[in-house]
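# Remarks on the overall topology
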Amino acid sequence: MINETPRVRFAPSPTGYLHVGGLRTALYNYLFAKINNGKFILRIEDTDRNRFVEGAVENLIDTLNWVGLEFDEGPKTGGDFGPYLQSERLDIYKNYANQLITDGKAYHCFCSQERLQNLREEQQKQKLPQMKYDKHCLNLSKEEIRQKLDAGENYVVRLNVQPGIKVIISDIVRGRVEFDRDTIDDQVLIKSDGYPTYHLANVVDDHLMKITHVIRGEEWLSSTPKHILLYQYLNWELPEFAHLPLLLNPDRSKLSKRQGDVAVEDYQSKGYLKEALINFVALLGWSTGDNKEFYTIEELKTNFSIERVHKSGAIFNIDKLNWLNSEHIKNKTAEEILPELKNELSNSKFNEMRFSDDYLKQVIDSMKERVIFYNEFLTKSPYFFERPQQYDEEVLKKRWKEDTPDHMKNLAENFEKMEESSHDNFEAALRKTAEELEIGAGKLIHPVRLAVSGIGVGPGVFDLLAIIGKDEVIERINIAINKITIPSGN
RNA sequence: GGCGCGUUCGUCUAGUGGUCAAGGACAUUGCCCUCUCAAGGCAAAGAUCACGGGUUCAAAUCCCGUACGCGCUACCA
């Protein structure tokens, strides 16, 4: 097994969206496959008919595609070990269940929900250390079973946990973990609706799909002994196990819907980059130890190692995600960001307007160090797309004095004389004006920024002017002179 | 309750017996840069390494116990 190509799988149940914890699990599986030249398989665990969600599988695949975790085998994609939807493999599970029954490793159970309920209450009342099925139906004779089956009685198939030595898990992240056999319940393998439970289905599929490493969340650690027993009863070779630490809410409980966003698509629609999300989630439970925190997906593919995954859970800390988002934006060229900005524009009130690529790229270069999200190109610097709608009161009060309109007139005149719009020309013209007026450059810089952008913050003022362009700048200065009334007290 | 897992700055983490009176990052604060805001640079603050016992010349690192947290305990995954 060790020498085979590693085959790992991401096996979510289709709840309607991809959970960020699921994303992390999928990512680690994917990276493990990439680093070991293995295969990454998507399998859908849809054995709970009560939880069927229309379109969930498509949605899951779309989201996985968006973040770029392409799988080698899976539903729609296909592969040699399909079908990859458990609901299409019912006969397979039934076959193995029957084999287990024949071998005495599993048995029919006809107990009603009521009896089970009573049993639990009874055990609770007696303060028994734990609640377990009492193997009542194991005492049924062959004839009795035949009769009940023929009569069409409802039944489930249960695992027959037999006494024996401890069940030992050798986990890649947790090391050796032991369980006493008598703490393991006779788990239901096939439900009364004929569908398998997770426990049977995942073992059968992992074996049939030749999965070599089971990398999944820690919530599965407790049921792993049941799985190991199943492998043993079926005479199958065990895969390696790696149980990943949980992603946590700020109160340290398992990351859940109630305490914020858990769906990857929520983060997508909020404007997070897939690069940032992947980078962030990779660091929740894993690190190289060399202080590097910024990773591209390609870098992760060569640096990841399952041995360096931690044991303890990690709180999903949005501040760091935001920082990584801005880092990943800074890491991109204007050319790369261009389509994103165009997309933001087409979804905004500016969707009718046309800007040249060259113009937009200048906007990007001047603003990309100042944004955390793409949409901030519009919200933080709308002045690149429209004239100021109003002028910031605070800045006005501080920067627009009684003599400012005159200064602005002089400035506009000197701008007018410029041959062309450029950072250097604007700077030269402004400094010359300041000299002529015998005032500090700041007396012009701040007001002109206000006149042109309407606010007091943004890129360097000469960059700003150069991007907006001479004619428009002069126009905006004139508008400001007319529109702004000097606040009292200035 | 039972079983299992975990516990280093607010958060993510480095650390696998001596170089750790614990390093980095995010967030916070201050300074520098500067036409503003960012970015960047520098700095500060922030962890008696959950607690208590051992082992050892030496422990955040090994062992035991306790506490706390979390997970599982379903004909959910």
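Nothing here was measured: the structure is a model prediction, and the numbers come from that model.

### What to know about the sheet that holds strand β7 (residues 188–190)
Sheet strands pair via backbone hydrogen bonds, and the direction of the pair is either parallel or antiparallel. One open sheet accounts for three strands, arranged β3-β4-β7; its pairing is antiparallel. What marks the edges here is a single partner per strand, and that holds for β3 (106–109) and β7. Neighbour-to-neighbour, the strand axes of the sheet open up by a mean angle of 40°, direction not taken into account. Sheet analysis places strand β4 (residues 156–159) next to β7, joined by two bridges and oriented antiparallel. Opposite R158, over in β7, you have V188 as the bridge partner.

### What about the domain arrangement of chain A?
For chain A, the assigned domains are domain 1 (7–75 + 247–315), domain 2 (89–244), domain 3 (334–383) and domain 4 (393–483). Relative to domain 2, the C-alpha centre of domain 1 lies at a distance of 28 Å. Counting residues at the interface gives 20 residues for domain 1 and 24 residues for domain 2. Of the roughly 2000 Å² buried between domain 1 and domain 2, counting both surfaces, carbon and sulfur atoms make up 56%. Three residues stand out in domain 1 for area buried against domain 2, namely R7, R9 and T47, and they jointly supply 31% of the buried area on that side. Taken together, domain 1 and domain 2 are joined by four salt bridges. Of the charged contacts, one joins R9 and D206 as a salt bridge, the two residues approaching to 2.5 Å between their closest N and O atoms. Our count for the domain 1 to domain 2 interface comes out at nine residue pairs in polar contact (both at pLDDT 80 or more). Looking at the side of domain 1 that touches domain 2, the elements with two or more residues in it are β1 (7–10) and α1 (20–35).

### Description of the nonpolar core
Counting residues in hydrophobic clusters, the biggest one holds 109 residues, and the most contacted among them are L69, F384, F385, F415 and V448. For this core, the leading source of residues is α1, giving nine residues. The contacts of V448, once residues within four sequence positions are left out, are M408, L411, F415, L430, V461, L465 and I477.

Cut-offs and rules
Residues numbered from 1 in each chain as written. Chains lettered and ligands numbered in written order. Predicted model: local features only at pLDDT ≥ 70, side-chain atom pairs only at ≥ 80, totals over all residues. Heavy atoms only, no water. Pairing = 2+ DSSP bridges. Helix = DSSP H or I, 4+ residues; strand = E, 2+ residues; numbered from the N terminus. Axes fitted to C-alpha atoms, helices over the stretch in contact; angles between N-to-C directions. Domains from an automatic or database assignment. Contact = heavy atoms within 4.5 Å. Buried area = accessible area lost by both parts, 1.4 Å probe. Salt bridge = Lys/Arg side-chain N within 4 Å of Asp/Glu carboxyl O. Polar contact = N/O pair within 3.5 Å; in protein donor to acceptor, adjacent residues only side chain to side chain. Core = buried A, V, L, I, M, F, W, Y, C linked by side-chain atoms within 4.5 Å. Buried < 20%, exposed > 50% of the residue type's maximum accessible area, 1.4 Å probe, protein only.

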